[in-house]
Amino acid sequence: MAEATGRYVGERRWFWPGLAAPGVVWLLLLFITPFYAILSVAMGRLDPIFITAEPVWNPIQWNPDVFGRVLGDIFGGQLGTLFARTIVFVAIASLVCLVVGYPVAYYVARRAGRWKVLLLILILAPFWINYIMRMFAWQNLLAPDGLFNRAVGAFGLMDQPVDWLSGRPSTVILGLVYGYIPYFILPLYAALDRIDPNVIEAARDLGASPFRAWRRVTLPLSKQGILAGLVIIMLPMFGDYYTPELMSFGRTNVRMIGNQIATFINTGIGQQDGAALTVVLMVFVALLMTYYLVNVMRAQREART
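The model shown is predicted, which means the values in this text are computed figures rather than measured ones. (Residues numbered from 1 in each chain as written. Predicted model: local features only at pLDDT ≥ 70, side-chain atom pairs only at ≥ 80, totals over all residues. Heavy atoms only, no water.)

This brings us to the overall build of the protein. Scanning the protein for helices and strands turns up 13 helices and two strands. A globule of 305 residues ought to have a C-alpha radius of gyration of about 19 Å, yet the protein, at 24 Å, is considerably larger. Expressed as lengths along the three principal axes of its C-alpha atoms, the size of the protein is roughly 75 × 75 × 35 Å. Considering the protein as a whole, with its 305 residues, one finds that 36% of them fall into the buried category. Roughly 18400 Å² of accessible area belongs to the protein as shown, and the carbon and sulfur atoms make up 68% of that amount. Side chains of the protein carry 24 positive and 17 negative charges; the gap between the two charge centres is 10 Å. (Helix = DSSP H or I, 4+ residues; strand = E, 2+ residues; numbered from the N terminus. Rg over C-alpha atoms; globule rule 2.2 N^0.38 Å. Buried < 20%, exposed > 50% of the residue type's maximum accessible area, 1.4 Å probe, protein only. Areas by Shrake-Rupley, 256 points an atom, 1.4 Å probe, with all protein chains shown as cover. Lys, Arg positive; Asp, Glu negative; His and termini not counted. Charge placed at Lys NZ, Arg CZ, Asp CG, Glu CD.)

Okay, here's the thing in structure tokens:
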């Protein structure tokens, strides 16, 4: 019995970590190797003949001066404007995802009944089409002679077509919402679906109204799902460069920080600045991820106690 129990304990202790080890090592390599290459470019040197960045692989020879230049531009130059605009765009788009996505996730998880599977399929349907192709479709819809302007004009709601793709912040924000809202709904749906209905029924039995039961029971229990959904959509939004590009035809007044990184990388003399700006952006989003992980660990400790 002891031997059998020992083998069982040994299996539980080593089997699953061993099974996950190849994937974990693979993911670490796919993260550490590119990150080290970015640091090597950022703190490398500039070729004086070809005017391109040369990576320096020896950390002892790294020169961190580029970070001072980039940070100076962020806090007192053009990059600061791009960073502020990116934060505003991401914050507004995330808020819209929350306002629109929470009722959808709540309905599918708590009220959809036999339609739940069909609604989940409809939520996942955009994933079946490439993101870039969907943005191209929106270009056709929002063009001055596109379907949207024709439909609105047919109802007499506007006298002349509106060029929605002329660098309007609202168009870029709605493009971000459209592209990322399914990633917000799915983890939130999973969190809401795991809530025990008996807990909500107990609140109702104690005299709580439906809204009060939602505010005092459902909403706090779905907090981790909200945070998970926000983290999932906000992290890629900060590095998104193709949505502003496609939804404004490259207008400079709606450029985000990802567009500036792409511009730096595509020009030899700016590759160091682009690599350094990438590292700064990674540190910034890592702070958001840290906040999420701290909340998750706090919630786990509260659940155990």
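In this section: the packing of aromatic side chains. To describe a pair of aromatic rings, you give the distance between the ring centres and the angle between the ring planes. For the coordinates displayed, the defined rule picks out 14 aromatic pairs. Plain terms: the ring middles of phenylalanine 83 and phenylalanine 284 are 5.8 Å apart, the flat faces sit at 80° to each other, and that makes the pair edge-to-face. Here phenylalanine 284 lies in helix α13 (residues 271-304) and phenylalanine 83 lies in helix α3 (residues 78-111), a separation of 201 residues in the sequence. By relative accessible area, phenylalanine 83 is classed as buried at 8%. (Phe/Tyr/Trp six-rings, centres within 6.5 Å; stacked < 30°, edge-to-face > 60°.)

Note on placement: serine 94 falls in helix α3. In this structure serine 94 comes out as buried when scored by relative accessible area, which is 5%. Residue contacts for serine 94: discarding those within four places in its chain leaves Leu230, Ile233, Met234 and Met237. (Contact = heavy atoms within 4.5 Å.)

Any two side chains of opposite charge can pair, so long as their charged atoms come close to each other. Counting across every chain of the model gives three salt bridges. With a shortest N-O distance of 3.3 Å, glutamate 54 and arginine 45 are connected by a salt bridge. Take glutamate 54: its relative accessible area is 28%, and that puts it in the partly exposed class. For arginine 69, the salt bridge goes to aspartate 273, with nearest N and O atoms at 2.6 Å. Separated by 204 residues along the polypeptide, arginine 69 in helix α2 (residues 65-76) and aspartate 273 in helix α13 bring together distant segments of the chain. (Salt bridge = Lys/Arg side-chain N within 4 Å of Asp/Glu carboxyl O.)

This paragraph deals with a nonpolar patch on the surface. On the surface, a cluster of nonpolar side chains totalling about 960 Å² of accessible area is made up of Val117, Ile121, Leu124, Phe127, Trp128, Ile129, Met133, Phe136, Tyr183 and Ile232. When contributions to the nonpolar patch are tallied by element, the ones reaching two or more residues are α4 (116-124) and α5 (131-142). It is α4 that contributes the most residues to the nonpolar patch, three residues altogether. When you line up the elements, leucine 124 lands in helix α4. (Patch = residues over 30% accessible without salt bridge, like charges linked within 9 Å, V, L, I, M, F, W, Y side chains within 5 Å.)

Along the chain, arginine 85 falls in helix α3. Although buried, arginine 85 forms no salt bridge, and the nearest oppositely charged side chain, glutamate 245, lies 11 Å from it. Beyond its immediate stretch of four places on either side in the chain, arginine 85 contacts Thr252, Asn253, Val254 and Arg255.

Take the packing of helix α7 (residues 169-193) against helix α10 (residues 223-239) next. The geometry of α7 relative to α10 is characterised by a closest axis approach of 8 Å and an angle of 155° between their N-to-C directions. With respect to α10, the axis of α7 lies roughly antiparallel. The two elements α7 and α10 cross, and the hand of that crossing is right-handed. Touching Leu176, Tyr180, Tyr183, Phe184, Pro187, Leu188 and Ala191 of α7 are Gly225, Ile226, Ala228, Gly229, Leu230, Ile232, Ile233, Pro236 and Met237, all from α10. (Axes fitted to C-alpha atoms, helices over the stretch in contact; angles between N-to-C directions. Parallel < 35°, antiparallel > 145°, perpendicular 65-115°, else oblique. Left-handed = near helix turned anticlockwise from the far one by under 90°.)

With that settled, consider the environment of threonine 52. Of note, threonine 52 is situated in the loop between β1 (45-46) and β2 (53-54). For threonine 52, a relative accessible area of 30% translates into the label partly exposed.

Topologically, leucine 46 is positioned in strand β1. For leucine 46 and aspartate 273, which are 227 residues apart along the polypeptide, the C-alpha to C-alpha distance reads 11 Å.

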